[in-house]
Amino acid sequence: MSEDIIKQLRKLAITKQLNFLLGSGTSVPAIPLMGAFHDINGKSANEQLFERVEEVSKKLLTTSKFELAEKNTYTVLGNYQKFIESVVSILNLSNSRQIPKNVNIFTTNYDLYIEKATDQILKKYKLVFNDGATGYFDRYLDSSNFNRTVSYKGLNDNYINEIPSITLIKPHGSINWEKQDENILIKNEVVNEPVIVKPDGYEASTTFESNHFHEMLRIFQMELDKPQSVLFVIGFSFQDKHIAKMVKRAVQNPELMVYVFGYTDSDRQTFLNNLNFENERFNFKILTPENFEDDYNNKNVDDKSNEWFSFTLSNLTNILSGTKLEESKDDNA
């Protein structure tokens, strides 16, 4: 059964318009979840989380050497890099005559892990990274830049070859976004007053109050409404009600497939509760460690020497890394 699921995931990744939704769980343990912080010494949990995101992002941009004290920071960076590499491999296998050689990565995280990981990948692969920016010295966020493709053409214009591209859309902002008049300036540094939606329980209202954030969520909804699309969700619990509402609406599109990956088996019910779903649906599936063989999970041991399994971004990467061209031709997958 596990092998059938893996084969199906690989087939969908290579034959459908691929979308990812990455939540805060994908940056753990470098950046702990909000629940790991508590109000202390006059600082709220929200303030402490922001400071940790700021600290980690600065290290990613300024430190080139591995620091033992920050092992988690660089372990998570390695996880992101391997994930991006697996995505690029899938794009190189996909048929641009059927679907664009583009993957959309939506993330509610405002750290700079994806940007740093992709910057490393760009040194090895021919790849277009589209974060919505326009400009040269001053790079401004412009949502109209998200819907574009880039191609090589022969010297005699005798062929066109679409270049694989990754589109990064951050509906909760980014630690390197700075407001300038009515625009958002994307900088190559952590800014003092970043344009972000803080996880304070008012995410929905804050997001829709901002034209920029509203526009990115509109793009998220439009991508999910497209035919022949698939959305892989990981590290996200659907506690952000505005995004949960959009996913609920999107699954009414019968051509969309949504696969949500849970860290532990108990996450299955948590996801259903947060979405107000009684059960999974034909195009909305929840996969947790119990759905996979041990080789595709992480083995953990608690304080009482009891073993338990978890599923993380690195496990999803292992699945995607095994995607081969045959996956797109096998109709029985």
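What counts and what doesn't
Residues numbered from 1 in each chain as written. Predicted model: local features only at pLDDT ≥ 70, side-chain atom pairs only at ≥ 80, totals over all residues. Heavy atoms only, no water. Pairing = 2+ DSSP bridges. Helix = DSSP H or I, 4+ residues; strand = E, 2+ residues; numbered from the N terminus. Axes fitted to C-alpha atoms, helices over the stretch in contact; angles between N-to-C directions. Contact = heavy atoms within 4.5 Å. Phe/Tyr/Trp six-rings, centres within 6.5 Å; stacked < 30°, edge-to-face > 60°. Buried < 20%, exposed > 50% of the residue type's maximum accessible area, 1.4 Å probe, protein only. Lys NZ or Arg CZ within 6 Å of the ring centre and 35° of its normal. Salt bridge = Lys/Arg side-chain N within 4 Å of Asp/Glu carboxyl O. Parallel < 35°, antiparallel > 145°, perpendicular 65-115°, else oblique. Nonpolar A, V, L, I, M, F, W, Y, C, P; charged D, E, K, R; others polar. Polar contact = N/O pair within 3.5 Å; in protein donor to acceptor, adjacent residues only side chain to side chain. Core = buried A, V, L, I, M, F, W, Y, C linked by side-chain atoms within 4.5 Å.

(A) Looking closely at the sheet that holds strand 13 (residues 256–261). Taken together, seven strands build an open sheet; the order of strands is 3-8-2-1-12-13-14 and the sheet is parallel. Looking at the sheet topology across the chains shown, the edges are occupied by strand 3 (128–130) and strand 14 (284–287). Shown here is a sheet whose adjacent strand axes are inclined to one another by a mean of 20°, direction ignored. Where strand 1 (residues 17–22) and strand 12 (residues 229–234) come together, six bridges link them in parallel fashion. Pairing of Phe20 across the sheet is with Phe232, part of strand 12. Here helix 6 (residues 211–225) sits on the sheet and contacts strand 1, strand 2 (102–107), strand 8 (165–169), strand 12 and strand 13; the angle it forms with strand 2, its principal contact strand, is near 135°.

(B) Structural detail: the packing of aromatic side chains. Inspection of every chain in the model, using the stated rule, returns 14 aromatic pairs. Taken together, a centroid distance of 6.0 Å and an interplanar angle of 75° make the contact between Tyr263 and Trp308 edge-to-face. In this pair, Tyr263 sits in the loop between strand 13 and helix 8 (267–275) while Trp308 sits in strand 16 (residues 307–310), placing the two residues 45 residues apart along the sequence. Judged by relative accessible area, which is 39%, Tyr263 ranks as partly exposed. Taken together, the aromatic side chains of Phe20, Phe83, Phe232, Tyr259, Phe261, Phe292 and Phe311 make up a single cluster linked through ring pairs. Its end group placed over the ring of Phe277, Arg281 keeps NZ or CZ at 4.0 Å from the ring centre.

(C) View of the pairing of strand 10 (residues 183–186). Sheet topology note: the strand 9 (residues 173–180)/strand 10 ladder contains four bridges and is antiparallel. Bridge pairing links Gln180 to Asn183 in strand 10. Between strand 9 and strand 10, which pair antiparallel in sequence order, lie two residues; one of them, Asp181, sits at a positive phi of approximately 55°.

(D) View of the pattern of salt bridges. A full pass over the atoms with the stated rule returns 14 salt bridges. Among the salt bridges present, the one from Arg52 reaches Glu55, with a minimum N-O distance of 3.1 Å. With a gap of three residues between them, Arg52 and Glu55 both fall in helix 2 (residues 45–62), about one helical turn apart. Arg52 sits in the buried class, given a relative accessible area of 16%. Its salt-bridge partner being Lys299, residue Glu307 comes within 3.9 Å of it at the nearest N-O pair. The network of salt bridges with common partners includes Arg52, Glu55 and Glu70.

(E) Examining the packing of helix 2 against helix 3 (residues 71–93) more closely. Their axes nearest at 11 Å, the elements helix 2 and helix 3 cross at an angle of 70°. It follows that helix 2 is roughly perpendicular to helix 3 by the angle criterion. From helix 2, Arg52, Val56, Lys59 and Leu60 reach across to helix 3, where they touch Thr73, Tyr74 and Leu77. Residues that form the contact of helix 2 with helix 3 fall into these classes: four nonpolar, one polar and two charged.

(F) The side chain of Lys170, seen in detail. Relative to the assigned elements, Lys170 resides in the loop between strand 8 and strand 9. You can call Lys170 buried: its relative accessible area is 3%. Within the structure, the side chain of Lys170 is placed 2.9 Å from the side chain of Ser174, a separation counted as a polar contact. Every residue in contact with Lys170, bar those within four places of it in the chain, is listed here: Thr107, Asn109, Tyr110, Asp111, Leu112, Glu115, Trp177 and Met216.

(G) How the structure looks around the nonpolar core. Within the largest apolar cluster, 55 residues are counted, with the highest numbers of intra-cluster contacts made by Phe20, Phe232, Phe261 and Phe292. At 10 residues, helix 3 tops the list of elements feeding residues into this core. Setting aside anything within four residues of it in sequence, one finds Phe261 in contact with Leu9, Phe232, Val233, Ile234, Gly235, Phe271, Leu287, Phe292, Phe311 and Leu316.

(H) Main features of the side chain of Thr26. Within the secondary structure layout, Thr26 lies in the loop between strand 1 and helix 2. According to the relative accessible area criterion, Thr26 is buried, its value standing at 6%. Side-chain polar atoms of Thr26 contact the backbone oxygen of Gly23, separated by 2.8 Å. In this structure the side chain of Thr26 is engaged in a polar contact, spanning 2.7 Å, whose partner is the side chain of Tyr80. Once you skip the residues sitting within four places of it in the chain, Thr26 turns out to touch Val76, Tyr80, Asn109, Ile234, Gly235 and Leu313.

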